[in-house]
Amino acid sequence: VPERRARPEIARRLVLKQAAALAAAGPIVFVRRLAAEPARGRRVVVLGGGFAGLAAAAELRRSASEAEVVLVEPAAEFFPATSSLDVAFGRRRMAEAARGYGSLAGRGVRLARGEAKAVDLAGRVAETTAGSFRYDALVLATGVRLATEEIAGLAADPSLNATLYDRAGLARLSQRIAAFAGGVVVIGVPAGALACPPAPYELALLMADRMKERKLKGRIVLIDAWPTPQPGPLGEALFAAIEAHGGLIDYVSQTEVRSVDAAARKVATGAGDEFSFDLLSLIPPHRAAGLVRDLMLADEGDDFAAVDPVTLRSPKDPHLFAVGDVARTPFGKSAAAAAGMARASAGEIARMLGAGGMAAADPAEPRRLAAVCYPHVDPGRALKLEVAHAVSGAGASFKYGAETVADTQPKAANAARRRAWEKGLLDGLLPG
Ligand SMILES: Cc1cc2nc3c(=O)[nH]c(=O)nc-3n(C[C@H](O)[C@H](O)[C@H](O)COP(=O)(O)OP(=O)(O)OC[C@H]3O[C@@H](n4cnc5c(N)ncnc54)[C@H](O)[C@@H]3O)c2cc1C
């Protein structure tokens, strides 16, 4: 089996090819006027109850307290993807990690249990399966969609793949890891934007640890579109952790899985190599979920909603904001960044609604957004990356800067910080 080991040099970003095939399907423009439930006062509608939507709703209640906040979400409860690896390895049950949306009512947020189907931008109406809502501001926080159809052979039998990246896949992964008696595990990382870039490397490392602990024979093939593990500042440390498993993990970089042969239980890469698998865990390419294409919110050749990174406002409509994984920003796709973007947009909406006489923001004043992640190299120890983003200005005067602090030594203290960070974030959004 061919094997390419990446040199642990600083990663150069791959040129991202976006979904030309999907774009070719052409946009659907929603121009019809929808009969909407009238708003009594000002109303902000938030589409999506993930990290970004929940943070936007919480912050709006604080900063625009006179406005009604409606959160539209189809799921019965919130499952934080930050708990996915714990669930995959049986350290936590999915039901333990999930939190109900019940506490939102006590915070003055109205939950509309349904899915957004269309938006009339001119009439400012969001149409959902739970009713149509007129709005003064709309926050799109629908996250990513996994483009399973872009891996040939996978859409016909999605259950073949136990992805870490959605609830159904995670339930399968957890069962398959528990039952795994040895063999080849294939993990695939796609090109393009990825939610939580270190997660697939953590999966490979924790799987290697599990195989050693249970004395299972086999190996892990980690097929990565990137040249080195991500995120860049932790790339060498993650690569060193992979190497420390002494060949148990084959790191095959700069190519991605293009097709799956279900009958032969093999994957083929873009480089033309084939790998057999006993357990398959691919991350399908990420595309924007929910209405971005319908409303034509992305720049040409992109799939994620274009926004002003300072205000998170869509250049297409002053009443429309996009936050979290659904948006194209320099902040990366993580829970911490999603919550930070949501808070920034809520401040901007409060200003727009004239809440509490809030003064207009000075565009030259940098807005700061902090993101943090603690990738595990084994069950007890984690690395740490803190990124302080700063953005200011607009158009030609737009400025972006970031300072990173990386702890590249695996530590139990970072694993403990990770648990405390996750609990703090969740308790702030949805008290358990
Ligand atoms: C395996 C894994 C591990 C991760 N670990 C970490 C970590 O340790 N730290 C970290 O910071 N980040 C982590 N992340 C990333 C983090 O979970 C995401 O960046 C974050 O969830 C993004 O928040 P969001 O609100 O934009 O999207 P989501 O959390 O995906 O929420 C989107 C919501 O929108 C809803 N929705 C979709 N379509 C519609 C529609 N049409 N109408 C209404 N609602 C809709 C969905 O049901 C969903 O609830 C991880 C991600 C994964 C997959």
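All right, on to the overall build of the protein chain then. Helix and strand content of the protein chain: 10 helices and 26 strands. Considering the protein chain as a whole, with its 432 residues, one finds that 53% of them fall into the buried category. Long-range contacts, defined here as pairs at least 24 residues apart, represent 68% of the contacts in the protein chain between residues at least 6 apart.

The environment of the ligand is formed by 28 residues, the closest being Ala52, Glu73, Ala116, Asp325 and Arg418. Residue Ser334 places a main-chain N or O atom 3.3 Å away from an oxygen atom belonging to the ligand. Elements with a minimum of two residues in the shell around the ligand: helix 2 (51-63), strand 2 (68-73), helix 9 (335-352) and helix 10 (412-429). Top element by residues in the shell around the ligand is helix 9. It accounts for 3 residues.

Residue Pro231 follows Gln230 across a cis peptide bond; omega there is 0°. Topologically, Pro231 is positioned in the loop between strand 12 (218-224) and helix 8 (235-243). One non-glycine residue with positive phi stands out, namely Cys196, at about 55°. On the secondary structure map, Cys196 appears in the loop between strand 11 (183-189) and helix 7 (199-213). In this structure Cys196 comes out as partly exposed when scored by relative accessible area, which is 33%. We note that Lys215 has phi near 55°; this positive angle belongs to a residue other than glycine.

A few words now on the environment of Gly247. Relative to the helices and strands, Gly247 is located in the loop between helix 8 and strand 13 (249-253). With 27 residues separating them along the chain, Gly247 and Ile220 place their C-alpha atoms 9.0 Å apart.

Counting residues in each nonpolar core, the largest one holds 70 residues, and the members touching the most others are Val45 and Leu47. The element that contributes the greatest number of residues to this core is helix 9, accounting for 10 residues. Among residues more than four places away in sequence, those in contact with Val45 are Val70, Val72, Ala126, Phe133, Arg134, Tyr135, Ala137, Leu138 and Val139. Listed in part, the 49 residues of the second largest apolar core include Ile177, Ala208, Trp226 and Ala241.

Another point: the sheet that holds strand 9 (residues 137-140). Taken together, 6 strands build an open sheet; the order of strands is 5-2-1-9-21-20 and the sheet is mixed. Single-partner strands in this sheet number two, and they are strand 5 (109-113) and strand 20 (313-314). Pairing geometry for strand 9 and strand 21 (residues 317-322), over 3 bridges, is parallel. By the bridge assignment for strand 21, Val139 is matched with Phe321. Here helix 2 sits on the sheet in contact with strand 1 (43-47), strand 2, strand 5 and strand 9, set at roughly 170° to strand 2.

Bringing helix 2 into the picture now. The end-to-end C-alpha separation of helix 2 is 18 Å, in line with the 18 Å expected for 13 residues at 1.5 Å each. In terms of burial, helix 2 is largely enclosed, as 10 of its 13 residues are buried. Those residues of helix 2 that sit buried are Phe51, Ala52, Gly53, Leu54, Ala55, Ala56, Ala57, Glu59, Leu60 and Ser63.

Moving on, we get to empty space enclosed by the protein. Where empty space is left in the structure can be found by rolling a water-sized probe over the atoms. The tally for this structure, following the rule as stated, stands at 2 cavities of 30 Å³ or more. Around the largest cavity, the lining residues are Ile151, Gly188, Val189, Pro190, Glu256, Val257, Leu282, Ile283 and Pro285. Considering only residue class, the lining of the largest cavity consists of 7 nonpolar, 1 polar and 1 charged. A volume near 30 Å³ is recorded for the second largest cavity. In this structure, the second largest cavity is lined by Leu173, Ile177, Val185, Ile187, Leu203, Met207, Leu279 and Ser281. Of all the elements in the fold, those that place two or more residues in the lining of the second largest cavity are helix 6 (167-179), strand 11, helix 7 and strand 17 (279-282). Looking at the lining of the second largest cavity, its residues break down into 7 nonpolar, 1 polar and no charged.

Once the charged atoms of two side chains with opposite charge are near each other, the side chains can pair. One pass over the structure, following the stated rule, counts 23 salt bridges. A salt bridge links Glu149 to Arg145, with the nearest nitrogen and oxygen atoms 3.2 Å apart. Exposure remark for Glu149: the relative accessible area of 40% places this residue in the partly exposed category. When its relative accessible area of 27% is taken as the criterion, Arg145 is described as partly exposed. Its salt-bridge partner being Asp407, residue Lys411 comes within 2.7 Å of it at the nearest N-O pair. What makes Asp407 buried here is its relative accessible area of 18%.

For Arg99, the location among the structural elements is in strand 4 (residues 99-100). Overall, Arg99 belongs to the buried group, its relative accessible area being 16%. At 2.8 Å, the side chain of Arg99 forms a polar contact with the backbone oxygen of Leu430.

Rules used throughout
Residues numbered from 1 in each chain as written. Predicted model: local features only at pLDDT ≥ 70, side-chain atom pairs only at ≥ 80, totals over all residues. Heavy atoms only, no water. Helix = DSSP H or I, 4+ residues; strand = E, 2+ residues; numbered from the N terminus. Buried < 20%, exposed > 50% of the residue type's maximum accessible area, 1.4 Å probe, protein only. Contact = heavy atoms within 4.5 Å. Near = heavy atom within 4 Å. Polar contact = N/O pair within 3.5 Å; in protein donor to acceptor, adjacent residues only side chain to side chain. Core = buried A, V, L, I, M, F, W, Y, C linked by side-chain atoms within 4.5 Å. Pairing = 2+ DSSP bridges. Axes fitted to C-alpha atoms, helices over the stretch in contact; angles between N-to-C directions. Expected span 1.5 Å × (residues − 1). 1 Å grid on protein atoms, 1.4 Å probe; cavity = no way out; pocket = protein on both sides within 12 Å on 5 of 7 lines; lining within 4 Å. Points joined across faces, edges and corners; volume = space filled by probe spheres on them. Nonpolar A, V, L, I, M, F, W, Y, C, P; charged D, E, K, R; others polar. Salt bridge = Lys/Arg side-chain N within 4 Å of Asp/Glu carboxyl O.

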